[in-house]
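Remarks on the overall topology
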Amino acid sequence: MSVLAHGIGSRHDLPLSPFYAFAGAFAALFVSFLALGLLWPASRFRGDRAGRPLPVPLQQLADARRTRIAARALGLAAALFVLLHLLLGRDGPERNPAAGAVYVLLWVGLVPASLLLGPVWRLLNPLRTLHLLVCRALARDPAAGRPLPARLGLWPAAAGLLAFTWLELVAPDPASSTALLLFLVLVATVCVMLGSTAYDGFSDAPSWITAVQTSPLGRTTAATLGLLAAVALVATCYALCAGATRLISGQLRHPLTVFAHSLIPIALGYLIAHYFTLFVTEGPRTVMVALGADNPVPPEPPLRPGGIATLQVAAIVIGHILGVVAAHDRSVRLFPPARAVAGQLPLLTLMIAYTVGGLTLLLA
């Protein structure tokens, strides 16, 4: 176990041939690209008009006032539980469940929960619940606040995500109660997610560990610069790709945002690949600590090392394939038929580079 990664620990298990991993990834990307060009001539993703509605009983249950009150109460109770353990509990993840609750159950568990159930964090977020309670106590409309300037866009969210990943991957003692309390007084986007996950991958490499430990700048400063460089590299590559797409199409005013959604499945694939083992081992251990167990042994992963390796590679490859599908659908909607395929070539090149980088970090 290494305390440098994932806030509270990490496991390493990839007994997989690099040749088969890269060969399978390239084959999947090229076949999907060619198949989409031949079999997907028109856009099929139409936002709210796409998909199928849930059965009426499930919709009524999800929209019921009692369900929403229960979700808000659960989020508020969980936040109070973590805060009390940070203030009054013992230090160290072996005896205090607060670090596992933040880094594993929330940070990692929120991804599959959102994929399966939708934007559940809007109800579970304790800050939203506290804001609602205060507004009701003061007889004010919760929606009547002053909105942020439109020019800010999603930058506050990106800054908050970068701050959290710095705490998880760079801070000297990320699992300590003091570090978590300092972060929780802050206000808690895709390039930051990808870049921080990429940094997570190479932060355990012996060469990087040696460079950080021997840097004249100090470990924390060198690691911070490495995290910022990883995020900047991902963002720069995407910006160059968007510029090339604009040159080919000749008509996109905002190429950076037009295809940004195609990076989301790639980021999710990276998250699953890097955090699966952590979640299925440290998650149950955190629950055992919360129930009163003293330094329990985490359970063994449900898959053997070979199965975990296959799952991790498959998550990255499938994430990139879904990204290619999303980019193709947006391309055939925006571009003339003669340019629809050519307009995707920069994105395909970018996704191949991301795939090579992601698999290299996993297999290194």
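With respect to the overall build of the chain
- Check the secondary structure of the chain and you find 17 helices and 0 strands.
- Here the chain holds 364 residues, and the buried ones make up 40% of them.
- Of the roughly 20,300 Å² of accessible surface on the chain, a fraction of 69% belongs to carbon and sulfur atoms.

Examining helix H3 (residues 65–88)
- For H3, built from 24 residues, the straight-helix expectation of 34 Å at 1.5 Å per residue is met to within 8% by its first-to-last C-alpha distance of 34 Å.
- All buried positions along H3 are accounted for by Ala71, Gly75, Val82 and Leu86.

Some points on the nonpolar core
- With 33 residues, the main nonpolar core has Tyr238, Phe259, Ile266, Val324, Leu347, Leu350 and Tyr354 as its most contacted residues.
- The leading source of residues in this core is helix H15 (residues 305–334), at 8 residues.
- Setting aside residues up to four positions removed in sequence, leucine 347 forms contacts with Tyr238, Cys241, Phe259, Ser262 and Ala327.
- Residues Val82, Tyr103, Trp107 and Val108 belong to the second largest nonpolar core, which totals 21 residues.

Details of the environment of glycine 358
- Mapping glycine 358 onto the fold places it in helix H17 (residues 345–363).
- We classify glycine 358 as buried; its relative accessible area is 5%.
- Setting aside its immediate chain neighbours within four residues, glycine 358 contacts Tyr270 and Ile316.

Structural notes on the pattern of salt bridges
- Going through the model one piece at a time under the given rule, you end up with 2 salt bridges.
- Of the charged contacts in the structure, one is a salt bridge between arginine 68 and aspartate 63, with a shortest N-O distance of 3.4 Å.
- Glutamate 282 is paired through a salt bridge with arginine 285; the nearest N and O atoms lie 2.8 Å apart. Note that glutamate 282 and arginine 285 are positioned in helix H14 (residues 264–290) at a spacing of 3 residues, about one turn of the helix.
- Residue class for glutamate 282 comes out buried when judged on its relative accessible area of 5%.
- Exposure remark for arginine 285: the relative accessible area of 7% places this residue in the buried category.

Description of a nonpolar patch on the surface
- On the surface, a cluster of nonpolar side chains totalling about 510 Å² of accessible area is made up of Leu80, Leu83, Leu84, Leu87 and Leu88.
- By relative accessible area, which is 71% here, leucine 88 ends up exposed.

Some words on the confidence of the model for the chain
- With 82% of its residues at a pLDDT of at least 70, the chain reaches an overall mean of 75.
- Predicted confidence for residues 1–6 stays below pLDDT 50, and this span has 21 contacts to residues more than four positions away or in other chains.

Description of the packing of helix H4 (residues 98–106) against H14
- H14 packs onto H4 with a crossing angle of 145 degrees between their chain directions and a minimal axis gap of 9 Å. Taken as a pair, H4 and H14 cross one another with a handedness that is left-handed. Of the residues in H14, those in contact with Gly100, Ala101, Val104 and Leu105 of H4 are Leu278, Phe279, Glu282, Gly283, Thr286 and Val287.
- Class assignment of the residues belonging to the contact of H4 with H14 gives a composition of 6 nonpolar, 3 polar and 1 charged.

So, the environment of phenylalanine 33
- On the secondary structure map, phenylalanine 33 appears in helix H1 (residues 18–39).
- In this structure phenylalanine 33 comes out as buried when scored by relative accessible area, which is 11%.
- The residues touching phenylalanine 33, leaving out its near neighbours within four places in the chain, are Val324, Val341, Gln344, Leu345 and Leu348.

Brief notes about the packing of H3 against H4
- Two numbers describe how H3 lies on H4: the axes approach to 8 Å, and their chain directions differ by 135 degrees. When the axis of H3 is compared with that of H4, the two are oblique. Touching Val82, His85 and Leu86 of H3 are Ala98, Ala101 and Val102, all from H4.
- Partitioning the contact of H3 with H4 into residue classes produces 5 nonpolar, 1 polar and no charged.

Thresholds applied
Residues numbered from 1 in each chain as written. Predicted model: local features only at pLDDT ≥ 70, side-chain atom pairs only at ≥ 80, totals over all residues. Heavy atoms only, no water. Helix = DSSP H or I, 4+ residues; strand = E, 2+ residues; numbered from the N terminus. Buried < 20%, exposed > 50% of the residue type's maximum accessible area, 1.4 Å probe, protein only. Areas by Shrake-Rupley, 256 points an atom, 1.4 Å probe, with all protein chains shown as cover. Expected span 1.5 Å × (residues − 1). Core = buried A, V, L, I, M, F, W, Y, C linked by side-chain atoms within 4.5 Å. Contact = heavy atoms within 4.5 Å. Salt bridge = Lys/Arg side-chain N within 4 Å of Asp/Glu carboxyl O. Patch = residues over 30% accessible without salt bridge, like charges linked within 9 Å, V, L, I, M, F, W, Y side chains within 5 Å. pLDDT = per-residue confidence, 0-100. Axes fitted to C-alpha atoms, helices over the stretch in contact; angles between N-to-C directions. Left-handed = near helix turned anticlockwise from the far one by under 90°. Nonpolar A, V, L, I, M, F, W, Y, C, P; charged D, E, K, R; others polar. Parallel < 35°, antiparallel > 145°, perpendicular 65-115°, else oblique.

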